[in-house]
Amino acid sequence: MKSLMREILTRALLFTGAPAVVRALFWRDRVAILLYHDPTPATLDAHFQYLKDKVEFVPLSQANSRGNGRPRVAVTFDDGHVRNANLLPVFIKYGVRPTIYICSSVVAHERTHWWLHPIAKNAGVKRLIRMKNDERLAELDARGFRQDRLDEAATISGLSAAQIEAMRPYVDFQSHTRFHPTLTRCEEDECFEEMAVSKVEVERIVGKPCEHFAYPYGIYGSREVALLKAAGYKTGRTTDVGWNDEGSDPFRLKAFDIEDDSSAQWFAAQLTGLTLVLRYLRLGRIRRFGARLFARPQSLNRA
Ligand SMILES: [Zn+2]
């Protein structure tokens with residue numbers, strides 16, 4: 001059913017020429033930040049192949065810089081998944097310098113991103129994401145999972161220190177907190193620690209300044225923005241849908257949350273922004289989406 005919907009939407013959007021219209025009307029002079037998690041090299045290659053003659057690839061640090069009349073793309077990945085290391089040849093092939101936002105206490109450790117651990121999956125990840133952070137951690141602890149404990153039985157889900165070292169000349173590594181909590185469900189000191197300590201940890205792992213941050217699940221509010229500034233970051237990337245330009249709030253950068261398994265056609269359809277809007281409507285988030293358009297941004301999305 002899902003794939004049939006995709007197929008219909010894709011054909012309709014591509015038939016009307018929507019991608020070219022969007023590029024000409026909205027994207028020109030602006031930067032689309034693409035958000036991936038854990039795509040395969042073949043999928044990413046197909047997406048870059050589609051883009052390479054249509055856009056200019058720029059690093060994330062230029063997301064809110066002045067326009068030059070061309071559509072621009074900044075490529076980002078969240079979490080620091082171990083298989084991201086396989087994407088390096090694709091980055092080099094297309095001359096793309098991506099930003100990978102890492103969970104700094106999970107990568108370079110023998111640990112598992114908490115929502116990928118079987119104990120969390122059995123307990124229900126969606127429910128856990130919405131819980132107060134200390135209650136979530138207490139429940140996971142009671143079930144036998146501690147985010148800060150080395151777990152030899154579990155599958156290592158983050159990039160290793162050696163993989164990061166190999167990718168370092170071609171990739172900007174930045175922060176996605178230490179352990180990926182829902183920031184708005186943290187106490188203030190907890191939230192600040194996740195931001196500030198992660199900054200130090202990323203700098204220690206990578207050996208370069210850490211100045212950019214991505215909010216876990218794209219969930220944030222004005223408190224999170226204030227704490228991010230206080231922690232010394234220069235930008236914060238959300239999952240709110242849209243393009244960026246020199247007028248954009250650097251702590252509320254918008255993005256296109258691309259589904260990792262997208263065909264090149266479905267990718268092109270998502271870049272119009274229309275399918276992302278439909279996803280919100282389909283998931284019954286009309287109220288939330290309305291609030292996002294007309295009030296301060298806040299969003300609930302994938303990891
Ligand atoms: Zn994430």
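Note that the coordinates shown come from a computational prediction; the quantities given were computed from them, not determined experimentally.

**Side note on helix α2 (residues 18-27)**
Each full turn of the α-helix corresponds to 3.6 residues, which orients residues three or four apart in the same direction.
Then, number 1: Those residues of α2 not exposed but buried are A18, P19, V22, R23 and W27. Buried residues of α2, seen end-on, are gathered within an arc of 135° and therefore sit on one face of the element.
Then, number 2: Packing partners of the buried residues in α2 comprise α1 (2-15), β1 (31-36), α3 (41-51), β3 (72-79) and α11 (264-270).
Then, number 3: D29 lies just past α2 and shows a positive phi near 75°.

**Digging into the pairing of β1**
Then, number 1: The buried fraction of β1 is high, at 6 of 6 residues.
Then, number 2: Alternating residues of β1 divide into V31, I33 and L35 and A32, L34 and Y36, and every residue in both groups is buried.
Then, number 3: Bridge count for β1 against β3 is 6 bridges, and the pairing is parallel. The residue bridging L35 from the neighbouring strand is T76, located in β3.
Then, number 4: Inspection of the sheet shows β1 paired to strand β8 (residues 253-257) by 2 bridges, in the parallel sense. By the bridge assignment for β8, L34 is matched with F256.

**Side note on the nonpolar core**
Then, number 1: Membership of the largest hydrophobic core comes to 52 residues, with the highest contact counts inside it found for L34, F48, L51, F91, M167, F173 and M195.
Then, number 2: Core analysis: the next-biggest nonpolar cluster, separate from the first, contains 11 residues, I129, M131, L140 and F145 among them.

Thresholds applied
Residues numbered from 1 in each chain as written. Predicted model: local features only at pLDDT ≥ 70, side-chain atom pairs only at ≥ 80, totals over all residues. Heavy atoms only, no water. Buried < 20%, exposed > 50% of the residue type's maximum accessible area, 1.4 Å probe, protein only. Helix = DSSP H or I, 4+ residues; strand = E, 2+ residues; numbered from the N terminus. Arc of directions from axis to C-beta. Contact = heavy atoms within 4.5 Å. Pairing = 2+ DSSP bridges. Core = buried A, V, L, I, M, F, W, Y, C linked by side-chain atoms within 4.5 Å.

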